[in-house]
Amino acid sequence: MAGLINGGQVPPTEQGPDENNPAFVQAMKFMLQVLYEKGAAKSIAEQLRLARDKVDALANISYDITSTVDERTKGAVPRELIGLLAMAVLKEVTDIAQAAKIDVSPQDAAGAFKTMLLRYLGENGVDTSQLQQGMDQIDPSVFSQGA
């Protein structure tokens with residue numbers, strides 16, 4: 001109601017991450033440049049092709065790229081946008097795999113993101129055992145429904 005009185009605009013109750021943040025935009029450009037202009041995509045496709053465990057490979061490659069981008073941008077990407085950056089990197093790595101005719105399912109991508117999240121939290125001092133148990137209870141088939 002207060003929004004109607006103040007010119008008809010209701011202030012947002014929650015504000016999501018700002019994808020237009022200059023540091024985030026720069027990190028994304030850097031990541032895409034390394035993958036596609038510097039030729040890393042070919043190496044990534046080969047690593048995925050040779051991997052024994054596709055989910056672990058997706059997670060490790062994506063996590064390492066995210067970490068490298070964060071380091072190269074001197075940590076300029078706000079912490080609240082690191083998860084979004086990690087998801088964007090994972091999507092690009094998944095796209096590279098699919099372009100290389102490597103079968104990657106939504107469940108694989110979800111499992112890789114789970115691994116990345118647990119690794120990040122664990123490396124930052126969080127006890128991930130309860131989170132791990134909760135995540136293990138999610139039926140992986142739900143990720144196929146949205147795809």
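Our subject is the structure listed above.
A look at the overall build of the protein
1) Next: A tally of helices and strands in the protein yields eight helices and zero strands.
2) Next: The order of helices and strands in the protein, counted from the N terminus, is α-α-α-α-α-α-α-α.
3) Next: With 147 residues in all, the protein has 33% of them scored as buried.
4) Next: Intrachain contacts of the protein at a sequence separation of at least 6 include 70% that bridge at least 24 residues.

Looking at the packing of helix α3 (residues 40-50) against helix α5 (residues 79-99)
1) Next: At a closest axis distance of 9 Å, the pairing of α3 and α5 adopts a crossing angle of 75 degrees. When the axes of α3 and α5 are compared, the pair comes out roughly perpendicular. Across the interface between the two elements, Ala41, Ile44, Ala45 and Leu48 from α3 touch Val93, Ile96 and Ala97 from α5.

Topic: the side chain of aspartate 70
1) Next: Its place among the elements puts aspartate 70 in helix α4 (residues 54-72).
2) Next: Accessibility expressed as a relative area gives 17% for aspartate 70, which makes it buried.
3) Next: Of the polar contacts made by the side chain of aspartate 70, one reaches the side chain of arginine 79; its length is 3.1 Å.
4) Next: In contact with aspartate 70, not counting residues within four places along its chain, are Gly75, Arg79 and Ile82.

Overview of the pattern of salt bridges
1) Next: Counting across every chain of the model gives five salt bridges.
2) Next: Of the charged contacts, one joins aspartate 64 and arginine 119 as a salt bridge, the two residues approaching to 3.5 Å between their closest N and O atoms. Of the two residues, aspartate 64 is situated in helix α4 and arginine 119 in helix α6 (residues 106-123); the sequence distance between them amounts to 55 residues.
3) Next: Under the relative-accessibility criterion, aspartate 64 is labelled partly exposed at 41%.
4) Next: A relative accessible area of 29% places arginine 119 in the partly exposed class.
5) Next: The shortest N-O distance in the salt bridge between aspartate 95 and lysine 91 comes to 2.6 Å. Of this pair, aspartate 95 and lysine 91 both sit in helix α5, separated by four residues, roughly a single helical turn.
6) Next: Given a relative accessible area of 28%, aspartate 95 falls into the partly exposed group.
7) Next: Among the ionic contacts, a cluster of salt bridges with common partners joins Asp64, Arg119 and Glu123.

Observations regarding unusual backbone geometry
1) Next: Phi is positive for lysine 74, which is not a glycine, with a value near 55 degrees.
2) Next: Here lysine 74 shows up in the loop between α4 and α5.
3) Next: At lysine 101, a residue that is not glycine, the phi angle is positive and equals roughly 65 degrees.
4) Next: The class of lysine 101 is exposed, set by a relative accessible area of 76%.

Describing the layout of surface pockets
To find leftover empty space, a probe the size of one water molecule is rolled over the atoms.
1) Next: The volume enclosed by the largest pocket comes to roughly 290 Å³.
2) Next: In this structure, the largest pocket is lined by 15 residues; those nearest its centre are Tyr63, Thr66, Ile82, Ala86 and Tyr120.
3) Next: Within the residue set of the lining of the largest pocket, elements represented by two or more residues are α4, α5 and α6.
4) Next: Broken down by element, the lining of the largest pocket gets its largest block of residues, six residues, from α6.
5) Next: By residue class, the composition of the lining of the largest pocket is eight nonpolar, four polar and three charged.

Reading guide: rules and limits
- Residues numbered from 1 in each chain as written.
- Predicted model: local features only at pLDDT ≥ 70, side-chain atom pairs only at ≥ 80, totals over all residues.
- Heavy atoms only, no water.
- Helix = DSSP H or I, 4+ residues; strand = E, 2+ residues; numbered from the N terminus.
- Buried < 20%, exposed > 50% of the residue type's maximum accessible area, 1.4 Å probe, protein only.
- Contact = heavy atoms within 4.5 Å.
- Axes fitted to C-alpha atoms, helices over the stretch in contact; angles between N-to-C directions.
- Parallel < 35°, antiparallel > 145°, perpendicular 65-115°, else oblique.
- Polar contact = N/O pair within 3.5 Å; in protein donor to acceptor, adjacent residues only side chain to side chain.
- Salt bridge = Lys/Arg side-chain N within 4 Å of Asp/Glu carboxyl O.
- 1 Å grid on protein atoms, 1.4 Å probe; cavity = no way out; pocket = protein on both sides within 12 Å on 5 of 7 lines; lining within 4 Å.
- Points joined across faces, edges and corners; volume = space filled by probe spheres on them.
- Nonpolar A, V, L, I, M, F, W, Y, C, P; charged D, E, K, R; others polar.

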